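Observations on the model geometry
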Amino acid sequence: MIDFNLRYNQYLATFESYAVSYVAKMQTKPEILGESMRYSLLNGGKRVRPVLALACADVLGVPDSEVLPFALALEMIHTYSLIHDDLPAMDNDDFRRGKPSCHKQFGEAYAILAGDALLNEAYAICLAQCGKGEKYIQAASFLNECAGVYGMIAGQSADILFTASSEEVTEEDLEYIYTHKTGKLLLAPVAIASILGDNQSYLPLESFGKLLGRLFQMTDDILDVVGTTAQLGKTVGKDEKENKLTCVKLYGLEGAQVRADMCAKDCLAVLEGVDGDTEFLKALVNYVLKRSN
Ligand code: GRG
């Protein structure tokens, strides 16, 4: 039996040292640009997406060195989205990962620029991989699709549109937000690992990534109700206050919890179709289901 925490921390340490050494080499003028990027990127997130990328790569026998650049690009995109989401014009949160959010630390203008710069740097990292061959181009394109107009940004736009909407909201609307806002960036690490592994187990891994993204957002919605600011490092209870479309709003707390349990079971079931040792991924499903931050 694997020691889940030990393995998670090993993947995390591998990613962290790669990310730290990459950003240490960045020389920006003015310095505050690099400082604000590093502040948010190296600010102690859970690193679920890079851990997923490394874990899926392990299952498929893809070396860390192949997947790490994409994992870093992905985490940079995730970080930019959090910086922009925290801005007053969006979700307006003063705290992120237990610390002042980027705009509270550096001001709104620098926070916008730190987000923009992280997004650009993410694609610079991907472009540098593309010369290695077709599958690297495919991996970079996949990430771009997940993050962009037909991915996370579409999901965030829908989330804003449905917040405090006087229109009747449906299960389909919620599904759209889940799939795009959160789901795409959790699908990306899983699918990219498979692409880099010459599409091994692509279909079951794709289903796994989609279901895990759904589960992740369900537990996020639930934690906004049952979690504490100290645990989560951000303000809680905002979804209800702002009348956001969440699974708790649609199904009630108990209904949301039952659906999260069902979704976790579906994640485990699709992993049966993956060739290789998926014990860590199964334990990761349980971690996402039971997470407290
Ligand atoms: C601004 C284009 C744009 C998009 C913003 C990320 C996002 C989209 C909104 C933030 C709010 C939210 C609930 C997003 C869903 C994804 C999510 C659960 C993000 C938090 O991810 P974690 O828990 O954060 O992995 P850490 O801090 O651990 O990295």
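Residues numbered from 1 in each chain as written. Predicted model: local features only at pLDDT ≥ 70, side-chain atom pairs only at ≥ 80, totals over all residues. Heavy atoms only, no water.

A word on the packing of aromatic side chains. What the rule picks out here adds up to six aromatic pairs. Between Tyr8 and Tyr287 the ring centres are 5.3 Å apart and the planes differ by 55 degrees, which places this aromatic pair in the tilted class. Of this pair, Tyr8 sits in helix H1 (residues 4–24) while Tyr287 sits in helix H14 (residues 279–290), and the two are 279 residues apart along the sequence. A relative accessible area of 6% means that Tyr8 is categorised as buried. A residue is classified by how much of its surface remains accessible, and Tyr287, at 23% relative accessible area, is partly exposed. (Phe/Tyr/Trp six-rings, centres within 6.5 Å; stacked < 30°, edge-to-face > 60°. Helix = DSSP H or I, 4+ residues; strand = E, 2+ residues; numbered from the N terminus. Buried < 20%, exposed > 50% of the residue type's maximum accessible area, 1.4 Å probe, protein only.)

This paragraph deals with the state of the cysteines. Tallied over the entire structure, the rule returns zero disulfides. No disulfide involves Cys247; its nearest neighbouring cysteine sulfur is the one of Cys263, lying 9.9 Å away. Judged by its relative accessible area of 1%, Cys247 is buried. (Disulfide = S-S within 2.5 Å.)

Moving on: helix H9 (residues 171–196). Taken as a whole, H9 carries its principal kink of about 60 degrees at Gly183. Where burial is concerned, most of H9 is hidden: 20 out of the 26 residues are buried. Once H9 ends, the next one or two residues include Asp198, with phi positive near 55 degrees. (Bend = angle between axes of the 7 residues up to and from the residue.)

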